[in-house]
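Coordinate analysis (summary)
Below are the chains, spelled out letter by letter.
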Amino acid sequence: MLPSVLVIRPGFGIPAGELAWRYSRSAGPGGQSVNTSDSRVELSFDLARSGSVPEQLRARALSRLDGRLVDGVLTLAASEHRSQLRNREAALARLAGTLREATAPPPRPRKATRPTRGSVERRLAGKKRRSTTKRTRRIGPDD
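Presented here is a report on the structure given in the accompanying data block.

Let us look at the pattern of salt bridges. Pairing between side chains of opposite charge can happen when their charged atoms approach one another. Under the criterion given, the structure shown has 4 salt bridges. When the shortest N-O distance is used, the salt bridge between E42 and R40 registers 2.9 Å. Note on E42: relative accessible area 18%, which makes it buried. In this structure, the salt-bridge partner of R94 is E80, at a minimum N-O distance of 2.7 Å. Placement of R94 in helix α2 (residues 84-102) and of E80 in the loop between β6 (73-78) and α2 is noted, with a sequence separation of 14 residues between them. The partly exposed category is assigned to R94, whose relative accessible area is 32%.

Let's shift gears to the nonpolar core. In this structure, I14, F45, L47, L95 and L99 are the most contacted members of the largest nonpolar core, which totals 24 residues. Among the elements of the structure, β1 (5-9), β2 (12-15), β4 (40-46), α1 (55-64), β6 and α2 are those that each provide at least two residues to this core. Among the elements that line this core, the one with the most residues is α2, at 7 residues. In contact with F45, other than residues within four places in its own chain, are I14, E18, L19, S50, V53, G72, V73, L74, L95 and L99.

About the thresholds
Residues numbered from 1 in each chain as written. Predicted model: local features only at pLDDT ≥ 70, side-chain atom pairs only at ≥ 80, totals over all residues. Heavy atoms only, no water. Salt bridge = Lys/Arg side-chain N within 4 Å of Asp/Glu carboxyl O. Buried < 20%, exposed > 50% of the residue type's maximum accessible area, 1.4 Å probe, protein only. Helix = DSSP H or I, 4+ residues; strand = E, 2+ residues; numbered from the N terminus. Core = buried A, V, L, I, M, F, W, Y, C linked by side-chain atoms within 4.5 Å. Contact = heavy atoms within 4.5 Å.

Below, the structure is given as C-alpha cells:
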C-alpha cells in the first residue's frame, strides 16, 4: 500500500494529501487489458505552495529544479509497469529521489592545491613522447 507520508529526508516528508494523481492509458505491453486499463500515472507536487517543505529547502529545490517546474509544480510520469499500483510506487520513488537530490546541501568548495612534482614530470614526459612520435612521422626538408 502507498504511504500516508512520503519521507524525503529526516525532518522533511510530504503528506499524501499534497500529491495530485492523474491516470491515462499506457503505451507498450499489457495483454488483453491494454486498451481498457489506465495504468500510466502522472504525479504532480506543488513545490512552490506546499506547506510541508521547510523554507530553506524549498528555496534550494526551486532554484535547482527551475527547468523542470511549471508554475512551481513538479510533474513526473511513470508507465514502465503494467500495473497502475506499481507505476504509482515508481512515481513516488522517483519524486522522493528527485526532491532528495534537489534539497541536498551544496558540496564543500574545492580547496585549490598545487600539482605534485611527480604529476608535473609525468605530464611533461607524455608531452615529450607525443612530440617525438609526431616528429618521426614528418617527412620534409627540415629533418
